[in-house]
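# Inside the fold
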Amino acid sequence: MHGDCGGSMNEPCKDLPAIGGEHGVSAVFTKLADLIAFKEGSIRITRGYPRFVNHPYVDAFARVTVPGSEYRWAVSSVEAGRYLRDRFSQNLSIEIFERAGAAVLTVPDREQFALLYEDIRNTGFTLSSRRAKRLLCGVNDPEPDYLDRCVKKISSFEKGSRIEDTFLFSSGMGAIFAALCATFDEQRPGVCIIGNPYVDTIQLFSKFLTRKNFAPPSVVEGYEEFEMTTGDDTGIVFLEIPTNPLLRVADLEKIVHFARARDIRVIVDATIATPYNINPLQYGADIVMHSTTKFLNGHNDHLGGVLLVNPESPDMIGRKIKDFLALTGSGMDPEEGKVLFEHLAGFQSRMEKINNNALLVARYLSSHQAVDCVNYPFLDGHPDRHLAAKYLKGGSGVVSFSLRGSSFERASAFYDRCRIPGKGPSLGAEETLLCPITLLTYYKMDDAALEAMGLDRYLMRISVGTEDPYLIISQLEDGLLAVEDA
Ligand code: PLP
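Since we're looking at a predicted model, the values are computed, not measured.

## Topic: the overall build of the protein chain
Along the protein chain, the regular secondary structure elements total 19 helices and 18 strands. Relative to its length of 486 residues, the protein chain is compact, with a C-alpha radius of gyration of 21 Å against a globular reference of 23 Å. Relative to its 486 residues, the protein chain shows a buried fraction of 62%. Considering only contacts within the protein chain whose residues lie at least 6 apart along the sequence, 75% involve residues at least 24 apart. On the protein chain, the mean spot of the 51 positive side-chain charges and the mean spot of the 64 negative ones are 3 Å from each other.

See below:
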């Protein structure tokens, strides 16, 4: 879930259905009112995105490990707990309770708990629900060779990468954190982010820098602003391709050319494009990152991340990533690797279908009178369509759109009547997912701040899946007809 954990320990618990089964990474919010209640904290949910919602197995593991505390959260390893206590969350009074290599962290009160929860979410040091289940049931780990097989397979998709420079993590955020730590240089602490990144990425970068008494990252719109604002102290440039949810595409070649000439490291989060549509290492990026939770796994039932380092970049990047993995114990769980490996088999055919379906859905939406504006890189009106045509084989599955006369009433009419079964916050699955992305991510943000980010409060995001595209369109149509009556 992309928001706060919702409710306190005392709020009523709502067991919403999960997409993706026992280890599903998304809850279903059938009505917009359910999502609002979650964001308002009047309900607490027990299933959802595992960095945001305490999975019942993870919660049970924490409970049996530290029965006496109300303010506890399990993390992937004792090392991760120590890293948070000693290096990242020093403002908190964390106690660490080890059990079978994993750990439960406790803090003394509710205020500190809210901060701890956010730090664990940002760093992605989450305990896998599969591992929690094994620990609770005393089941052995599966063969670790699934992790090696995932490394080989992902590296084969990502042109310009090498198996020995490919690293798996327990979450996408864990991978981003490792990339940041492996490229950060105290002599040149400036970090520039091109386009609005995923909410936890900006929070992680800001905390990492400000807690070391450096300025937070600067966020610029595109290449021109990057070139203008880059100073001698800039050491890292980070970008998502395309961005989420507005699907902006930056001029990667120019960015890399400019950065390389100044020895600035380039990190690309290509989670949305996927290695099927772009291979940033071939343009000279230093590191490409993917949240494997999304399109690479494609089934909404796994949490993980991967980094692939350019073999031509300085060797110390790979060495520092290995050190980070050893120091934080934030590598991927072998059972998560097994699930990922099984689903990587269908990755390429999945992406071919998703590219085609999403373009059809984006075109349908842009022709509908109830829709004001559609964001998809391969649509004629998109500001970066020429860059998309240059860099991307296909537009991938994410489409966002605003309703005409955008309002809460119209958004509810659309959302509640739309027949897409997967009304949930994640993206990148074979199953189409719909979510009111601004409400989910920036619920408390005021109008001026949203406008500055170019975000409509009721922006809808669809992650188009592999179903029959005309079925998806007919499910959307029911919602759009309801908007006209609202
Ligand atoms: N990068 C992007 C573009 C994302 O959308 C997300 C999650 O939604 C992440 C990174 C973080 O990945 P994970 O949730 O696997 O930690």
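Still to come is the rest of the account.
## Section: the sheet that holds strand β18 (residues 460-463)
The strand order across the open sheet formed by four strands is β15-β16-β18-β17, and the pairing between neighbours is antiparallel. Looking at strand neighbours, the two that pair on one side only are β15 (371-375) and β17 (433-435), the edges of this open sheet. Neighbour-to-neighbour, the strand axes of this sheet turn through a mean angle of 20°, independent of strand direction. Across the sheet, helix α16 (residues 408-417) touches β16 (398-403), β17 and β18, and the angle it forms with β16 is around 135°.

## Points about the pairing of β16
Across the six residues of β16, six count as buried, placing the element largely inside the fold. On β16, burial covers both faces: Val 398, Ser 400 and Ser 402 on one face and Val 399, Phe 401 and Leu 403 on the other are all buried. In the sheet, β15 pairs with β16 via four bridges, with the strands oriented antiparallel. Residue pairing for β16: Val 371 is matched across the bridge by Leu 403. Relative to β18, β16 runs antiparallel, the two being bridged by four bridges. Among the inter-strand pairings, Val 398 is bridged to a residue of β18, identified as Ser 463.

## Here's the deal with the environment of Glu 467
Looking at where Glu 467 falls in the secondary structure, it is placed in the loop between β18 and α19 (469-485). Within the structure, the side chain of Glu 467 is placed 2.7 Å from the side chain of Thr 432, a separation counted as a polar contact.

## Description of the site of the ligand
Neighbouring the ligand are 17 residues, the closest being Tyr 49, Asp 269, Ser 291, Thr 293 and Lys 294. Within the contact set of the ligand, an oxygen atom lies 2.7 Å away from a side-chain nitrogen or oxygen of Ser 291. A distance of 2.7 Å separates an oxygen atom of the ligand from a polar atom in the side chain of Lys 294. Burial of the ligand by the protein amounts to 99% of the accessible area it has alone, namely 390 Å². In terms of residue count, helix α7 (residues 172-183) provides more of the shell around the ligand than any other element does, three residues in total.

## Examining the sheet that holds strand β5 (residues 72-75)
Within the open sheet, the three strands sit side by side as β5-β7-β6. Their pairing is antiparallel. Edge positions in the open sheet fall to β5 and β6 (95-99), since each of these has one partner strand only. For this sheet, the mean angle separating the axes of adjacent strands, direction not counted, is 25°. Across the sheet, helix α4 (residues 110-123) is in contact with β5 and β7 (102-106); its angle to β5 comes to roughly 15°.

## Some thoughts on the packing of helix α2 (residues 56-65) against helix α5 (residues 129-137)
α5 packs onto α2 with a crossing angle of 45° between their chain directions and a minimal axis gap of 8 Å. As the angle between them shows, α2 and α5 are arranged oblique. Between α2 and α5 lies a crossing of left-handed hand. Together, Tyr 57, Val 58, Ala 60, Phe 61 and Val 64 of α2 and Ser 129, Ala 132, Lys 133, Leu 135 and Leu 136 of α5 make up the contact between the two elements. The residue makeup of the contact of α2 with α5, split by class, is eight nonpolar, one polar and one charged.

## Looking at the nonpolar core
Ile 321, Leu 365, Phe 414 and Leu 476 are the most contacted members of the largest nonpolar core, which totals 102 residues. Apart from residues lying up to four places away in sequence, Ile 321 is in contact with Phe 167, Phe 169, Ala 178, Ala 182, Ile 287, Leu 307 and Val 309. Counting 48 residues, the second-largest nonpolar core is a separate cluster that includes Val 220, Tyr 223, Ala 259 and Leu 392.

## Re the packing of aromatic side chains
One pass over the full model with this rule turns up 24 aromatic pairs. Their ring planes at 40° and their centres at 6.5 Å tell us that Phe 125 and Phe 324 sit as a pair that is tilted. One end of the pair, Phe 125, is in the loop between α4 and α5; the other, Phe 324, is in helix α12 (residues 315-328), and 199 residues separate them in sequence. By relative accessible area, which is 5% here, Phe 324 ends up buried. Ring centres of Tyr 146 and Phe 341 lie 6.3 Å apart, and the angle between their planes is 50°; this geometry places the pair in the tilted category. One end of the pair, Tyr 146, is in helix α6 (residues 145-157); the other, Phe 341, is in helix α13 (residues 334-344), and 195 residues separate them in sequence. Through a chain of ring-to-ring contacts, three or more aromatic side chains come together here, namely Tyr 83, Phe 88, Phe 125, Phe 177, Phe 184, Phe 208, Phe 214 and Phe 324. If you follow Arg 211 out to its NZ or CZ, it ends over the ring of Phe 88, 4.8 Å from the centre. Note that Lys 423 overlies the ring of Tyr 415, its terminal NZ or CZ placed 5.1 Å from the centroid.

## Quick word on the packing of α7 against α12
Between α7 and α12, the least distance of the axes is 9 Å, while the angle of their chain directions is 130°. Classed by the angle they form, the pair α7 and α12 counts as oblique. In the crossing of α7 with α12, the sense of the turn from one axis to the other is right-handed. Facing Gly 174, Phe 177, Ala 178, Cys 181, Ala 182 and Thr 183 of α7, the residues of α12 in contact are Ile 317, Lys 320, Ile 321 and Phe 324. Classifying every residue of the contact of α7 with α12 gives seven nonpolar, two polar and one charged.

Reading the values: the criteria
- Residues numbered from 1 in each chain as written.
- Predicted model: local features only at pLDDT ≥ 70, side-chain atom pairs only at ≥ 80, totals over all residues.
- Heavy atoms only, no water.
- Helix = DSSP H or I, 4+ residues; strand = E, 2+ residues; numbered from the N terminus.
- Rg over C-alpha atoms; globule rule 2.2 N^0.38 Å.
- Buried < 20%, exposed > 50% of the residue type's maximum accessible area, 1.4 Å probe, protein only.
- Contact = heavy atoms within 4.5 Å.
- Lys, Arg positive; Asp, Glu negative; His and termini not counted.
- Charge placed at Lys NZ, Arg CZ, Asp CG, Glu CD.
- Pairing = 2+ DSSP bridges.
- Axes fitted to C-alpha atoms, helices over the stretch in contact; angles between N-to-C directions.
- Polar contact = N/O pair within 3.5 Å; in protein donor to acceptor, adjacent residues only side chain to side chain.
- Near = heavy atom within 4 Å.
- Areas by Shrake-Rupley, 256 points an atom, 1.4 Å probe, with all protein chains shown as cover.
- Parallel < 35°, antiparallel > 145°, perpendicular 65-115°, else oblique.
- Left-handed = near helix turned anticlockwise from the far one by under 90°.
- Nonpolar A, V, L, I, M, F, W, Y, C, P; charged D, E, K, R; others polar.
- Core = buried A, V, L, I, M, F, W, Y, C linked by side-chain atoms within 4.5 Å.
- Phe/Tyr/Trp six-rings, centres within 6.5 Å; stacked < 30°, edge-to-face > 60°.
- Lys NZ or Arg CZ within 6 Å of the ring centre and 35° of its normal.

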